[in-house]
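Topology and contacts: notes
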Amino acid sequence: MSCTVLDVLILADLHYTALARHACASPRRQAPLATMLVQKALARLRQQGVKPGLIVLLGDLVDDGEAPAAAADLARLAGELLKTGIRVLAVPGNHDGDPARVAQLFDSSPGLHLIDGYGFLLFHDQRLDGDRYTRPAEALDRPAAVARRHPGLPLIALQHNPLHPAIDRAYPYLPDNADAIIASYGAARVTLSLSGHYHAGQPLHAHRGVRYATTPALAEAPFSFQHLRLEGSRFELTTHTLQLPVPGLCDVHCHTEFAYCAT
């Protein structure tokens, strides 16, 4: 399988609010700043000589998808991102309302998306009561089916809810059947699993042959985003953080968590 180098900007939990008549429940979320933060993230990568070929959005794009005018905010956010000319893949979060709306605006239907020799597996997990989620049986079977059809294809799984490690909170951050999802990724030899939702983020780590990472929230200090560089079976994940000094926004820190070579 021939793979080119692909640079990916990864963003999670933007919680964008502009036109929506909605009061954000958390004072930590800088909800109106999402589009500016995205542009600053792109500018920072450009300063480092990085030209992303893909932007990945890991859910909670708006703060309340059911609020009046939230659909207009989501469309505005999509327009700003698509204006960059960079391919965008987005998964819906628990704050985004109708998952089909996210899929339509960003051309990001659940399933396999082939980009530059890499397979991005998008999952729209099923909402149960409250904020509990599960992955239906047909979606659990998808990684293995894709691996059979595309042997040797590096697979990157994208979903909103974290999968590993467990989070010691009463709030159900992980899907109810996280163990079954993890088993499905191991069987398909998924290269990397990326999630959002847990605003603090979780460092990149290996579990049963699969690498997992949870991207921190862009909407809350220290305003983090990630840069993923894919090079065949190798990848490198770098976390950047932003701050809001006076008078503007600047990048103040970045670090590479790990570089992996699949065996």
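These lines cover the structure that appears in this document, whether it is placed above or below. Remember, it's a predicted structure, so these values are computed and weren't measured experimentally.

Buried within helix H6 (residues 178-187) are the following residues: Ala178, Ile181, Ile182, Ser184 and Tyr185. The arc enclosing the buried residues of H6, seen along the axis, measures out at 160 degrees, which places them on a common side. Residues of H6 that are exposed and point more than 90 degrees away from the buried face comprise Asp179 and Ala187. Looking at the packing, one finds that the buried side of H6 touches helix H4 (137-140), helix H5 (142-149), strand E8 (155-158), strand E9 (192-195), strand E10 (202-207) and strand E11 (210-214). Arg189 sits one or two residues past H6 and shows a positive phi near 55 degrees.

Applying the stated criterion across every chain yields a total of three aromatic pairs. Judged by centre distance (6.1 Å) and plane angle (40 degrees), the rings of Phe123 and Tyr185 are tilted. Of the two residues, Phe123 is situated in the loop between strand E5 (118-122) and strand E6 (126-127) and Tyr185 in helix H6; the sequence distance between them amounts to 62 residues. The interplanar angle of 75 degrees and the centroid separation of 5.0 Å between the aromatic rings of Tyr173 and Tyr198 together place this pair among those described as edge-to-face. Taken together, the residues span a long stretch of sequence, with Tyr173 in the loop between E8 and H6 and Tyr198 in the loop between E9 and E10 at a distance of 25 residues. The structure contains a cluster of three or more aromatic residues connected by ring pairs, namely Tyr171, Tyr173 and Tyr198. Positioned over the ring face of Phe123 is Arg135, at 3.7 Å from the centre of the ring.

Attention now moves to the pattern of salt bridges. Across all of its chains, the model carries six salt bridges by this definition. Between Asp7 and Arg229 there is a salt bridge, with its nearest N and O atoms 2.7 Å apart. Taken together, the positions of Asp7 in strand E1 (residues 5-11) and Arg229 in strand E12 (residues 224-231) put the pair 222 residues apart, joining distant regions of the chain. For Asp7, a relative accessible area of 8% translates into the label buried. The salt bridge partner of Glu80 is Lys83, with a shortest N-O separation of 3.3 Å. A network of salt bridges, in which partner residues are shared, links Asp129, Arg132 and Asp176.

Cut-offs used in this document
Residues numbered from 1 in each chain as written. Predicted model: local features only at pLDDT ≥ 70, side-chain atom pairs only at ≥ 80, totals over all residues. Heavy atoms only, no water. Buried < 20%, exposed > 50% of the residue type's maximum accessible area, 1.4 Å probe, protein only. Helix = DSSP H or I, 4+ residues; strand = E, 2+ residues; numbered from the N terminus. Arc of directions from axis to C-beta. Contact = heavy atoms within 4.5 Å. Phe/Tyr/Trp six-rings, centres within 6.5 Å; stacked < 30°, edge-to-face > 60°. Lys NZ or Arg CZ within 6 Å of the ring centre and 35° of its normal. Salt bridge = Lys/Arg side-chain N within 4 Å of Asp/Glu carboxyl O.

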